[in-house]
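# Structure assessment
As a plain string of letters, each chain reads:
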Amino acid sequence: MQNELLEQFRDSARDLLGRADQRQRVRRLRDESAGFERTVWQEIGAAGWLAIMVPEADGGLGLGLAEVAAVAEIVGQQLLPEPFIGAGVHALAALCATPASALRSELIAAASSGQLIAGLAWQETAGQLEPGRTRTSLHAAPDQGGHLRLSGEMRFVCPGEGADGWIVLAEYTDAPSLLWVRRDTAGVSCCDTARIDGSRMAVLRFSDALVPRASLLASGADAIAAVEVANESARIAASAELLGIARQALALTLDYMKTRIQFGKAIGSFQALQHRAVDAYIQVELAAAGLAAALSRVKAPDGSEPRALLCAAASRSKARCAEAALHVTQFALQMHGAVGFTDECDIGLYYKRALHLGAWLGNAAAHRVRYFDAVGSLPVLPEDDGGAGDAPDASAGIDFPHDANWDAMPDAQFRQMIRAFFKRHYPQQLRHLSRRLHWDEIKEWYFTLSRQGWIAPAWPKAFGGMGLTAEKHLAFIEEQERYGVARMIDAGLTMAGPLLIRYGTPEQQQAYLPKILSGEHIWSQGYSEPNAGSDLAALRTDAVLDDDGTHFIVNGQKTWTTMAQDCTHIFMLVRTASTGKPQAGISFLLADIRTPGITVRVIKDLVGHEHFCEVFFDNVRVPKENLVGEINQGWTIAKALLGFERIFLGNPRQSQNALAQLHTYARDHGLFENPLFIDQYARLLLEVDDLSALYASYADMVKRGDRLPPSVSQLKIWATETYRKIGLVAYEAGQEYGGNHPVETGDASSDNLLTPLINSAAATIYGGANEIQRNILARTVLELPD
């Protein structure tokens, strides 16, 4: 229902703005004094956009920021010149957050209908993020009939010229106050400054301006709170507009890349440019996921949301969307070549609007640091997280049900339960290890979760799982990471199990799924071969039916088979036909790894860990009933499983753990006193959080049973490259410690600084190299030419 309502607002915005070419209006109006048209503003008011977040008691729609953002995104796509953020969100949010009064009601009614255009004047210096004590002041004016004298100066006010008046923050009797100042008030001057996109912002100067005492709207904490709510609401709306800018700039550029011919080919066929287009696409999708996650946590623009929550949501969305819009529009400008640098090319208008909005109300760098200040205690350290789950008596009085209506359980209660369970049952000596654990080290924990019924959080309950929603599953994973729970040998849980649930026969499901849950069967994946890594269609391991048609005879070799030395079974791709397209002759088989003819050889990695193996098949007999799906149809299943694998490889767990380790080192070595490091860390914190949001959207598809789209490749790219970025920062932060050989145990936070950087090199390769994933996205999602 919520999604339908949001789409209705988007459709309304598309319809209204589509009646005229807004980009041509931008060009026409940028030389006029106001930079917008009042008649169009009144049409916007009549459409109900300005009443979205006005309470129903004040004649508005009583909706939230999600609906405002839906409109703002289309405003960004169309480049509406009217000040929707400044007058339609910023000023109105401030009015709605002030205490009830006759003046408030009058102003809200006029502003929400489009008859009154108001701005909010609160900022005195560039870079100011929070309202506070101001140099602009009010004093009683003797012999002036109860009027007050207003003196001072406010900057970056939107709108300026064309506004009917402003809501001004000023000091009155040693307390911050908000008052309404009409444009025609004597002593008020408005000096507009042209913005790069053709819009206007004003410097307002007050020279003993006389305003009626009845113009006061709020004072003290109420005044500050109203400005804070207005600022955060405007930042979130601006984020949505920036997202719309990025989306449209990318769409225009992709169209151009498909038609612009150079060297006899469309420039969109050049792989280097395709990969850059994919990176721009990922920025747009991350921005969308981050904004959606922020909006899901804050719904009321009236000040009822906790201050820290609203602050974090606004900074998170503004930092990500501003960065994405700048990245995409700069890419777009270059792809358009010299014509992109001309005023007649529309792409420049999007670039300039991105520059304007990205700088207003705090730029991306400022909001990264502000986000860190709001949630800087995360990721929470296990020894000082302060959560009930890590206290000595955390599990006292907490029930651990084997099954429950998990969806109905409040998130805080669910997380507390999970943390308490880990505290009671997970081995302390296995927390926060940097390496994969072998079966003999982790099996008791596997059995513990199995007995509890929590071993397969994402499996449907009908097959023995917890049946968690994507949100609850993410919470489960986040709490695992928070407590430092090691990753198990989990190919059966995360890949073979979901595949059999979807494609297996009832007999296969009955034979294998319960044994995966119990830990009797431990699975490995047999995909890669020495000459068939990312190019799986080149695999050569063959399977031929014997004379009586009851067994496949398998010969060949698999490599990079994770933890095969500890596993009981392997699922694999084999070649069952050699004619036609390579993909058409592949089948999907299950095998007991202890079958005669199978040999496992361990491979040591760069730091001496034994995580990978080669598996050799020499006339191995595999029963025909171990075929999953139809013969020669394994590629379809393989692609689905690759989707499952890529969503798993794209989960935020690995990066969250690496960031937690970096947090520990930074705290122990005083790095959070260094502004440069804080900026680096804040950027990583945002990237991990937006990775979590992007992951949640795909996890939800899996939960619904939807087929994962090719765009899931972006998840694997961003996850592994975020992991690499964390590794680089950790290496540099460690100074000389950054050259220490990683150790398997130890309490010093400097013991494993190199682990993320070294491991990330492999992470960008397995599951399909990131460059291959970019090729997939370029052709199947962006539809760029071969």
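Our structure is the block above this text.
For the structure given in this document, a descriptive report is provided here. None of the values given here were measured: they were computed from a predicted structure. (Residues numbered from 1 in each chain as written. Predicted model: local features only at pLDDT ≥ 70, side-chain atom pairs only at ≥ 80, totals over all residues. Heavy atoms only, no water.)

## Points about the side chain of Thr448
Within the element layout of this structure, Thr448 appears in helix H13 (residues 439–452). Apart from the residues lying within four places of it in its own chain, the contact partners of Thr448 are Phe421 and His425. (Helix = DSSP H or I, 4+ residues; strand = E, 2+ residues; numbered from the N terminus. Contact = heavy atoms within 4.5 Å.)

## Thoughts on helix H7 (residues 221–259)
One full turn of an α-helix is made of 3.6 residues, so residues set three or four places apart face in the same direction. Taking 1.5 Å per residue as the helical rise, H7 with its 39 residues ought to reach 57 Å, and the 57 Å between its terminal C-alpha atoms agrees with that figure. Most of H7 is tucked away: 28 of the 39 residues are buried. (Expected span 1.5 Å × (residues − 1). Buried < 20%, exposed > 50% of the residue type's maximum accessible area, 1.4 Å probe, protein only.)

## Points about the pattern of salt bridges
Summed over the entire model, instances satisfying the criterion amount to 45 salt bridges. The salt bridge partner of Arg487 is Asp490, with a shortest N-O separation of 3.1 Å. Judged by relative accessible area, which is 7%, Asp490 ranks as buried. Linked by salt bridges that have partners in common, Glu7, Arg10, Asp11 and Arg14 make up one network. (Salt bridge = Lys/Arg side-chain N within 4 Å of Asp/Glu carboxyl O.)

## A few points about the environment of Arg316
One can find Arg316 in helix H9 (residues 307–335). Overall, Arg316 belongs to the buried group, its relative accessible area being 6%. As a C-alpha pair, Arg316 and Leu286 span 30 residues in sequence and 11 Å in three-dimensional space. Sequence-distant contacts of Arg316, defined by excluding residues within four places in its chain, comprise Gly290, Ala293, Arg297, Tyr371, Leu686, Asp689, Asp690 and Ala693. A distance of 2.9 Å separates the side chain of Arg316 from the backbone oxygen of Asp689, its partner in a polar contact. A distance of 3.0 Å separates a polar atom in the side chain of Arg316 from a polar atom in the side chain of Asp690. (Polar contact = N/O pair within 3.5 Å; in protein donor to acceptor, adjacent residues only side chain to side chain.)

## So, the packing of H7 against H9
The geometry of a pair of packed helices is captured by two quantities: the angle between their axes and the separation between those axes. With their axes 8 Å apart at the nearest point, H7 and H9 run at an angle of 25° to one another. On the basis of their axis angle, the class for H7 and H9 is roughly parallel. Classified by chirality, the crossing of H9 by H7 is left-handed. Counted by class, the contact of H7 with H9 contains 22 nonpolar, four polar and five charged residues. (Axes fitted to C-alpha atoms, helices over the stretch in contact; angles between N-to-C directions. Parallel < 35°, antiparallel > 145°, perpendicular 65-115°, else oblique. Left-handed = near helix turned anticlockwise from the far one by under 90°. Nonpolar A, V, L, I, M, F, W, Y, C, P; charged D, E, K, R; others polar.)

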